[in-house]
Amino acid sequence: MIRIRPEVASIHPYVAGRTTAAVAADIGLAERDIVKLASNESPDGPFPSVEGVVAEAVMTANRYPDNAMRELTPLTAQHLGVESDNLWFGAGTSAILREVALAVGGPGTSAVFPQPSFVIYDLATQLAGATGRPVPLDGDYQVDLNGLLDVIDETTSVVYLCSPNNPTGTLTGAEDTRRFLDAVPDDVLVVVDEAYGEYVTDSQWATMVPEAVRRPNVIVTKTFSKVFALAAFRIGYAVGMPATLAELRKVQAPFTVTTVAQVAAAESLRHPGELARRQEANAAGRRGLEAGLADRRVRYVPSQANFVFLPMDNPSAMFQALQGLGVITRSTPGGLRVSVGSDAELRRFFEAFDELGLV
Ligand SMILES: Cc1ncc(COP(=O)(O)O)c(C=O)c1O
């Protein structure tokens, strides 16, 4: 028997949402009749001009990708209003979060994060051999900032803040977040995960990028998987001070961001009009989803992301019932998470919901 590190042996691996093909095979429907509202993906494909640049890049696959990301870096810097050396790219935010956990954590250290929140914070902590300190959300499904501060002690090396928070869609206001950053000790890294930042319409929120580029203990993570619709290409990034990023990225393997991911992301950034259109489409879809739930008197948490959380006692029964009708959602402890799909997908969701006679 091989010897596995005990902290790895005890990990319960991340369970990804099921694919439409797998569910279709299970319930005997055609794949086109399955609606996937499980993984907070974009209902639309990549920005239209991405197809051409990816096709062109395919035949360069014999060469390793550009590790310095010379095309993508200045475009992203311009998009955010930061310098190129404030950026660190990785194979999705998930990979960056693991690398951060490995760089700052280890046996004898602790990591603080809200719960429920993005499960990778917990998994990455375990992988690093550190101790997780989950802090429950407050009664309004908001991240409890004072609760996070209360459990930080001299063992704590990192605290994660997810805003808007997955799975609840709730945000932490800009003023509160800045106060929180002031209160965290200087030697504790704060990771502000803004995977869903582009979907926010509430003016209380603001990106923490300007804080990350001036505070050595703060980074912001962002992704091309959501509003930029490149989830399958695996590309995300962290924003921070160059010296901070230089330490964290030592953990990363070289060439982890593929050429197709780089050119697709760069091309997407050249189309701010398309980005705005998709942000508006999500806001409209979210309003429609929330209105449909309100009409049916279904309890939901008002969302600032591309999904809506429905608190309920037995979310897995609801998940199963909807899946049986070809609608895949995500069951999480304490509720069901439903992504903002296209209009047609959301119509299917409500048809299934109504068919179940649950309202
Ligand atoms: C809060 C949060 N952060 C990060 C990610 C992961 O993004 P990526 O696809 O870049 O790994 C997700 C994906 O669902 C998420 O919910």
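Keep in mind that what you see is a predicted model, and the values were worked out from it rather than measured. Each chain carries its own residue numbering, running from 1 in the direction its sequence is written. In view of the model being predicted, local features appear only for residues whose pLDDT reaches at least 70, and side-chain atom pairs are presented and counted only at 80 or more, with totals across whole chains, interfaces and linings using the full set of residues. Computation of side-chain values covers all heavy atoms of the structure but excludes hydrogens and water.

### Thoughts on unusual backbone geometry
The general pattern is negative phi for most residues beyond glycine and trans for most peptide bonds. Cis geometry marks the peptide bond from Gln115 to Pro116, where omega comes out at 0°. The residue after Asn166, namely Pro167, is reached through a cis peptide bond having omega 15°. One can find Pro167 in the loop between β5 (156-162) and α8 (174-183). With a phi angle near 65°, Tyr141 is a residue other than glycine that sits in the positive phi range. For helices the rule is a DSSP run of H or I covering at least 4 residues; for strands it is a run of E covering at least 2, with both sets numbered from the N terminus onward. Tracing the chain through its elements places Tyr141 in the loop between β4 (131-136) and α7 (145-151). With phi around 60°, Arg297 is a residue other than glycine that occupies positive phi space. Here Arg297 is to be found in the loop between α12 (272-295) and β9 (307-311). Classification of residues uses two cut-offs on accessible area relative to the type maximum, computed with a 1.4 Å probe and protein chains only: under 20% is buried, over 50% is exposed, and between them is partly exposed. Looking at Arg297, the relative accessible area reads 78%, which means it is exposed.

### A look at the nonpolar core
The nonpolar side chains of a soluble globular protein tend to be buried, and buried together. Side-chain atoms within 4.5 Å are what join buried Ala, Val, Leu, Ile, Met, Phe, Trp, Tyr and Cys residues into a set we call a nonpolar core. Residues Leu72, Phe89, Leu148, Val159, Phe180 and Phe224 are the most contacted members of the largest nonpolar core, which totals 52 residues. If one sorts the elements of this core by residue count, helix α11 (residues 259-269) sits on top with six residues. Split by domain, the residues of this core number at least three in each of domain 1 (16-45 + 273-355) and domain 2 (50-269). Look past the residues within four positions of Val159 in its chain and what remains in contact with it is Val112, Leu148, Ile152, Phe180, Val184, Val188, Leu189, Val190 and Val191. In terms of nonpolar packing, the next biggest core, distinct from the first, is built from 25 residues, Val35, Val298, Leu336 and Ala352 among them. Where each domain starts and ends comes from a domain assignment, either automatic or drawn from a database. Contact criterion: two residues are considered in contact whenever any of their non-hydrogen atoms come within 4.5 Å of each other.

### Comments concerning the site of the ligand
As a structural note, the neighbourhood of the ligand is formed by 13 residues, with Thr93, Ser94, Tyr196, Thr223 and Ser225 the closest of them. Under the rule applied, a polar contact is a pair of N or O atoms within 3.5 Å (in protein, one hydrogen donor and one hydrogen acceptor; residues adjacent in sequence only if both atoms are side-chain atoms). One of the side-chain nitrogen or oxygen atoms of Tyr196 is found 2.6 Å away from an oxygen atom of the ligand. In the model, an oxygen atom of the ligand is placed 2.6 Å from a nitrogen or oxygen of the Thr223 side chain. Computed with the Shrake-Rupley method and a 1.4 Å probe, the accessible areas treat only the protein chains shown as cover for residues. Contact with the protein chains covers 93% of the free accessible surface of the ligand, which is 400 Å². Think of it this way: one heavy atom of a residue within 4 Å of a molecule or strand is enough to make that residue near it.

### Digging into the sheet that holds β5
Any two strands with at least two DSSP bridges between them are considered paired. Overall, mixed pairing links the seven strands, which are arranged β2-β8-β7-β6-β5-β3-β4 in an open sheet. Where the open sheet ends on each side, the last strands, each with one partner, are β2 (87-90) and β4. Strand-to-strand twist across the sheet, computed as the mean angle between neighbouring axes with direction ignored, equals 20°. In this structure, strand β6 (residues 189-193) lies alongside strand β7 (residues 218-223), joined through four bridges in parallel fashion. Opposite Val192, over in β7, you have Val220 as the bridge partner. Interaxial angles span 0 to 180 degrees and are taken between N-to-C directions of axes, which are lines fitted to C-alpha atoms, for helices over the stretch in contact. The sheet contacts of helix α4 (residues 72-80) involve β2, β7 and β8 (236-239), and relative to β2 the element is tilted by about 120°.

### Looking at helix α14 (residues 343-355)
Quick reminder: α-helices carry 3.6 residues per turn. Residues three or four places apart thus point the same way. In this analysis, the expected span of each helix is defined as 1.5 Å times one less than the number of residues it contains. Here α14 spans 18 Å end to end across 13 residues, near enough to the 18 Å set by a 1.5 Å rise per residue. Along α14, the residues classified as buried are Leu346, Phe349, Phe350, Ala352 and Phe353. Each buried residue of α14 lies within a common arc of 160° when the element is viewed along its axis, so the set occupies one face. Opposite the buried face of α14, by more than 90 degrees, sit the exposed residues Asp343, Arg347 and Glu355. Within this analysis, the arc is defined by the directions that extend from the helix axis to the C-beta atoms.

That's the geometry; what it means functionally is another story.
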